[in-house]
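# Chains, contacts and geometry: an overview
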Amino acid sequence: MDIIIKNGRIIDGTGNPWFKANIGIDDGKIVEINRSQIGSGAKVIDAEGMFVAPGFINLHSHSGLTVINGNKCENSLRQGLTTEIAGGDGRAYYGMKETLRDFIKNLLKKQIGYEGDVDWLTLEEYRRRVEEKGIGINIAPFAGHDTIRKSIMGCPSDYWGGYWKRQPTPDELNEMKKLLASCMEDGAFGLATGIEYTPEVTTEELIELCKVVAQYGGVHISHIRSEGAFLIEAVKEIIEISKLTGVPVCINHHKACHPSNWGKVNETLRLIDHARDQGIEIICDMYPWTYTEINKIKDRIPIDPNLKLEEIIEKLKDPEQWSKIKRRLKDKYEKFVPELNKVVAYPLVHTYIAYSKSHPEVIGKNLEEAAKVLGLSDGWEVLREFYLSDKGDTRVAARMCEEDLITILKHPFSAISTDSCCEYFPEKYGPYHPRGWGTYPLVLEKYVKIKKVLRLEEAIRKMSSLPASFLGLKDRGLIKEGMWADIVIFSMERIRNKATYANPYAYPEGIDYVIVNGVVVIERGKHTGALPGKVLRRN
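Attention in this report is confined to the structure presented alongside it. (Residues numbered from 1 in each chain as written. Predicted model: local features only at pLDDT ≥ 70, side-chain atom pairs only at ≥ 80, totals over all residues. Heavy atoms only, no water.)

Direction vectors running N to C along helix 14 (residues 367-374) and helix 15 (residues 379-389) enclose 80°, while the axes themselves pass 8 Å from each other. Looking at the two axes, helix 14 sits roughly perpendicular to helix 15. The segment helix 14 lies against helix 15, with L367, E368, A370, A371 and L374 engaging G379, V382 and F386. Looking at the contact of helix 14 with helix 15, its residues break down into six nonpolar, one polar and one charged. (Axes fitted to C-alpha atoms, helices over the stretch in contact; angles between N-to-C directions. Helix = DSSP H or I, 4+ residues; strand = E, 2+ residues; numbered from the N terminus. Parallel < 35°, antiparallel > 145°, perpendicular 65-115°, else oblique. Contact = heavy atoms within 4.5 Å. Nonpolar A, V, L, I, M, F, W, Y, C, P; charged D, E, K, R; others polar.)

With that out of the way, let us pick up the sheet that holds strand 12 (residues 249-251). In space, the six strands of this open sheet follow the order 9-10-11-12-13-19, with parallel pairing throughout. The open sheet has two edge strands, strand 9 (143-144) and strand 19 (414-416), and neither has a second partner. When strand 13 (residues 282-286) meets strand 19, the two strands line up parallel, connected through three bridges. Looking across to strand 19, one finds that M286 is bridged to I416. Seen against the sheet, helix 7 (residues 203-215) touches strand 10 (190-194) and strand 11 (219-223) and runs at an angle of roughly 155° to strand 10. (Pairing = 2+ DSSP bridges.)

Relative orientation and spacing of two packed helices are given, respectively, by the angle between their axes and the distance between those axes. As a packed pair, helix 5 (residues 145-153) and helix 6 (residues 170-185) sit with axes 9 Å apart at the nearest point and diverge in direction by 130°. Looking at the two axes, helix 5 sits oblique to helix 6. For the crossing formed where helix 5 meets helix 6, the hand is right-handed. Note on element contacts: helix 6 touches helix 5 through E172, E175, M176, L179 and L180, opposite H145, I148, R149, S151, I152 and M153. For the contact of helix 5 with helix 6, the class distribution of residues is six nonpolar, two polar and three charged. (Left-handed = near helix turned anticlockwise from the far one by under 90°.)

Moving on: the pattern of salt bridges. Tallied over the entire structure, the rule returns 34 salt bridges. Ionic pairing is found between E267 and R270, a salt bridge with its closest N-O pair at 3.1 Å. Taken as a pair, E267 and R270 lie in helix 9 (residues 265-277) at a separation of three residues, close to a single helical turn. Taking the relative accessible area as the measure of exposure, E267 reaches 27% and is therefore partly exposed. Judged by its relative accessible area of 51%, R270 falls in the exposed class. One salt bridge in this structure joins E458 and R461, with 2.7 Å as the shortest N-O distance. With a gap of three residues between them, E458 and R461 both fall in helix 19 (residues 456-463), about one helical turn apart. Residue class for E458 comes out buried when judged on its relative accessible area of 17%. By sharing partners, the salt bridges in this structure join E124, R127, R128 and R537 into a single network. (Salt bridge = Lys/Arg side-chain N within 4 Å of Asp/Glu carboxyl O. Buried < 20%, exposed > 50% of the residue type's maximum accessible area, 1.4 Å probe, protein only.)

This paragraph deals with helix 4 (residues 123-133). L123, E124, Y126, R127, R129 and V130 are the residues of helix 4 that are buried. Once helix 4 finishes, G134 follows within two positions and takes phi at roughly 100°, a positive value.

With that out of the way, let us pick up the side chain of D89. By secondary structure assignment, the location of D89 is in the loop between strand 7 (81-86) and helix 3 (101-112). The charged side chain of D89 is buried without a salt bridge, its nearest counter-charge being R91 at 4.4 Å. A polar atom in the side chain of D89 sits 3.4 Å from the side chain of H62. Those residues within four positions of D89 in sequence are excluded, and the remaining contacts are H60, H62, T193, G194, Y197, H223 and H253. (Lys, Arg positive; Asp, Glu negative; His and termini not counted. Polar contact = N/O pair within 3.5 Å; in protein donor to acceptor, adjacent residues only side chain to side chain.)

With 16 residues, helix 18 (residues 435-450) should reach 22 Å at 1.5 Å per residue; the first-to-last C-alpha distance of 19 Å falls well below that figure. At L442, helix 18 shows its maximal bend, which comes to roughly 45°. Burial within helix 18 is extensive, with 13 of its 16 residues counted as buried. Where helix 18 terminates, the next one or two residues include K452, which has phi positive at roughly 55°. (Expected span 1.5 Å × (residues − 1). Bend = angle between axes of the 7 residues up to and from the residue.)

Attention now moves to unusual backbone geometry. Residues G430 and P431 are joined by a peptide bond in cis, for which omega reads 5°. Inspection of the secondary structure assignment puts P431 in the loop between helix 17 (426-429) and helix 18. Residues other than glycine seldom take positive phi values, yet D89 does so here, at roughly 65°. Its identity as a non-glycine residue notwithstanding, K391 has a phi of 55°, on the positive side. Structurally, K391 can be placed in the loop between helix 15 and strand 18 (395-397). On the accessibility criterion, K391 (47% relative accessible area) is partly exposed.

Once that is clear, we can look at the layout of surface pockets. Here the second largest pocket is characterised by a volume of approximately 160 Å³. Along its surface, the second largest pocket is lined by K236, I239, E240, K243, L271, H274, A275, Q278 and I280. For the lining of the second largest pocket, the secondary structure elements donating two or more residues are helix 8 (231-245) and helix 9. With four residues, helix 8 is the largest single contributor of residues to the lining of the second largest pocket. Here the residues of the lining of the second largest pocket are counted per class, giving four nonpolar, two polar and three charged. (1 Å grid on protein atoms, 1.4 Å probe; cavity = no way out; pocket = protein on both sides within 12 Å on 5 of 7 lines; lining within 4 Å. Points joined across faces, edges and corners; volume = space filled by probe spheres on them.)

Next comes the structure, spelled out in structure tokens:
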């Protein structure tokens, strides 16, 4: 045998209690699980005192972008991941027409500094390229709704999402369905949508596309239409699409943003339960952090996109210049809200401080709340202060609450995800969120070990067999003979997430070994340099 793992406490991924046994791996597969001694192996891993679990599977990822030019995927592997989806939010970098080649090329240069040719269009061409370059984890690709729409209807902006200001013609919709079918023929797992980013998209369009997915036995993953004021309506919409098409659906990174919506997840989870009682196959995934995507404040609320940061800071130092800038910002963002009977600037009330080097006393507060703490007149003055004191580097985001997070985490049909990607020069290109480095260790350390929100075996089920079952991965997600050897070996005694909003790129402790397709990629907490990952095909 190639590898023997002995003396470990095996958590098989089903949710059943752990049991002690030895595992034999040969030719990439688990070939034997036995409580007694098994044959000799070229490599023996003594897992005494540690847990052996299926490799973790991430249902919401953006790694389809960052693996294009090859990637060790160290941040993902070091937290136990062995498989991630691609195409999250409907943003796939494959399964496209020639008309989208320049758009993708420009995005790649901007997002990861890639300046080579986009010498692929189809998923199959993308698969060959990525596997030739080499990747550390497996990728489960989805067809991207935004990609398909832009390929057929054109690009309304130079980034993902946008407003087309029209619906597809019947001929365009047929072309979209053909492009989706082609991607499914190439082994896509289903359709990924980011409805909130393409708000003009109708339910009827999504139903028509999901009918194509149904023909191939695929699934639908979705960043739904709203995670705020219309969260409940958005969940009802996604359930209706699944009901009418028969396509299983996963609500990605399920949450309720902004304090006025906290608590709504109790109702959305009841809707999910009721849908399942009616025979509708629906689950959700979530990440264990109370901030959404982290941005630098200079990017979330830009002062002037035509000026360099140094030039903006000089203008902000000048009271007269600042007065003009503030007036322009107020005119742009301040709106009268009849329901509240007052003027509101949503960037000030929906932007929360996750990290500030100069003003740690306002972490967790929005810009309006921070004004009171700092003794400033309003949130616009706080914005100016952060530009000047943190040089625009203050980390900000929308916010959720811990109670909702725990409610979703405890739900039996919620999986764990990161909404991040395999790292690719993160200090330069981002992301700035610790979820890409510490999500799974955080669940194990905080919500299993310390708070005891979940049993260990249940947490592992949410990280492995639950997402595998949803994806239709019949040969991954469990510790079982005949399965691919995607395995993580960790110590609950030493498990520790070290990634924070102040230091997001810190690797965790306590995850000693990660095996992908029968190859050791993390050994004693270090990357071996092996690149055994594959771009998977739908079973």
